[in-house]
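Results of the structural survey
This is what each chain is made of:
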Amino acid sequence: MYKAVIFDLDGTLLNTLDDLADSTNFALEKNGFPTRTIDEVRKFVGNGNIKLIHRALPDTASEAQFQKTYSDFTEHYKTNMANKTKPYDGINDLLKNLYENGVKLAIVTNKIDFAAQELCGGLFGDYVKTVIGSDGVRPNKPAPDGLYLALEKLGVEKKDAVFIGDSEVDIATAKNAEMDCIGVLWGFRDEKQLREIGVEKTAKNAAELQSMLLF
């Protein structure tokens, strides 16, 4: 059994897609740009909010237009991040059971840090004390820095930990950190996409993931 389990957030523990899309489209529309569909936003997420807005904007957008749109997105998301966001089915029970079995838990996400801390503190604070979001200083995933910091805070070596994620970014992060990885199939990417990037283990729901972690 692993001593520690580190989770991605968006698409792994939380379905944040609707709120991200709403704030993205608010900012795009406010700045005179075409809005995006849910499926488009799904493809844009994974590398943090800066990349999300860069991808959502037309290629012709200037740096000044990006900065204004990103600022509007951030201000809107601060007060609207939890309107529709909720844990995926079975996630709360999974975290509770891991915690009660002595497994150390952490979250490493490319979501901007204030949002990661607020959402995780409110929803998962009873079980997860280590939450590492994007702070604008430390390199984001797929750089392994966030995983290394989480391991340090948990006091666990990487050979005794596993990273759980839903996207190609997460799989690459685990590989860069030379850690075990499990891909979840309920998030923002499908199984075909995960298999194409070389993920070896997948879980189709939280119950199956639990059986893989508590053996």
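Above: the structure in question.
Residues numbered from 1 in each chain as written. Predicted model: local features only at pLDDT ≥ 70, side-chain atom pairs only at ≥ 80, totals over all residues. Heavy atoms only, no water.

What follows concerns the overall build of the protein. When helices and strands are counted, the protein shows 10 helices and 8 strands. A globule of 215 residues ought to have a C-alpha radius of gyration of about 17 Å, and the protein, at 17 Å, matches this closely. Relative to its full complement of 215 residues, the protein shows a buried share of 51%. Pairs at least 24 residues apart make up 66% of the contacts formed inside the protein by residues separated by at least 6 positions. Summing over all exposed atoms, the protein offers an accessible surface of approximately 10,000 Å²; the carbon and sulfur share of this is 48%. (Helix = DSSP H or I, 4+ residues; strand = E, 2+ residues; numbered from the N terminus. Rg over C-alpha atoms; globule rule 2.2 N^0.38 Å. Buried < 20%, exposed > 50% of the residue type's maximum accessible area, 1.4 Å probe, protein only. Contact = heavy atoms within 4.5 Å. Areas by Shrake-Rupley, 256 points an atom, 1.4 Å probe, with all protein chains shown as cover.)

Here we come to the environment of threonine 12. With respect to the secondary-structure elements, threonine 12 resides in the loop between strand S1 (4-7) and strand S2 (14-15). Remark: the alpha-carbon pair of threonine 12 and proline 87, spanning 75 residues in sequence, is separated by 8.6 Å. Look past the residues within four positions of threonine 12 in its chain and what remains in contact with it is Phe7, Tyr88, Ile91, Ile164, Gly165, Asp166, Asp170, Val184 and Trp186. In this structure the side chain of threonine 12 is engaged in a polar contact, spanning 2.8 Å, whose partner is the side chain of aspartate 8. (Polar contact = N/O pair within 3.5 Å; in protein donor to acceptor, adjacent residues only side chain to side chain.)

This brings us to the layout of surface pockets. Put simply, the largest pocket is a space of about 200 Å³. The wall of the largest pocket is formed by 15 residues, among which Asn47, Gly48, Ile50, Ser134 and Asn140 lie closest to the centre. Those elements that place two or more of their residues in the lining of the largest pocket are helix H3 (49-56) and strand S4 (104-112). Along the lines of polarity and charge, the residues of the lining of the largest pocket split into 4 nonpolar, 7 polar and 4 charged. When residues of the lining of the second largest pocket are traced back to their parent elements, those giving at least two are helix H8 (168-177) and strand S7 (180-184). A per-element tally of the lining of the second largest pocket places H8 first, with 3 residues. (1 Å grid on protein atoms, 1.4 Å probe; cavity = no way out; pocket = protein on both sides within 12 Å on 5 of 7 lines; lining within 4 Å. Points joined across faces, edges and corners; volume = space filled by probe spheres on them. Nonpolar A, V, L, I, M, F, W, Y, C, P; charged D, E, K, R; others polar.)

Right, let's talk about helix H4 (residues 63-80) for a bit. With 18 residues, H4 should reach 26 Å at 1.5 Å per residue; the first-to-last C-alpha distance of 25 Å fits that figure. Tucked into the core, H4 has its buried residues touching helix H1 (17-30), H3, S4 and helix H6 (113-124). (Expected span 1.5 Å × (residues − 1).)

Here we take up unusual backbone geometry. The residue after lysine 141, namely proline 142, is reached through a cis peptide bond having omega 20°. Here proline 142 shows up in the loop between strand S5 (130-134) and helix H7 (145-154). A positive phi angle is found at glutamate 178, which is not glycine, with a value near 55°. If you trace the backbone, glutamate 178 turns up in the loop between H8 and S7.

Going through the model one piece at a time under the given rule, you end up with 2 cavities of 30 Å³ or more. For the largest cavity, the calculated volume is near 190 Å³. Lining the largest cavity are 19 residues, and of these Asp10, Val45, Gly46, Asn47 and Gly48 lie nearest its centre. Here the residues of the lining of the largest cavity are counted per class, giving 5 nonpolar, 7 polar and 7 charged. What the second largest cavity holds in volume is close to 70 Å³. Lining the second largest cavity are 13 residues, with Thr109, Asn110, Arg138, Pro139 and Asn140 positioned closest to its centre.

The final tally for this structure, using the stated rule, is 18 salt bridges. For glutamate 100, the salt bridge goes to lysine 96, with nearest N and O atoms at 3.0 Å. Of this pair, glutamate 100 and lysine 96 both sit in helix H5 (residues 91-100), 4 residues apart, roughly one helical turn. Salt bridges sharing partners connect three or more residues here, namely Lys3, Lys159 and Asp160. (Salt bridge = Lys/Arg side-chain N within 4 Å of Asp/Glu carboxyl O.)

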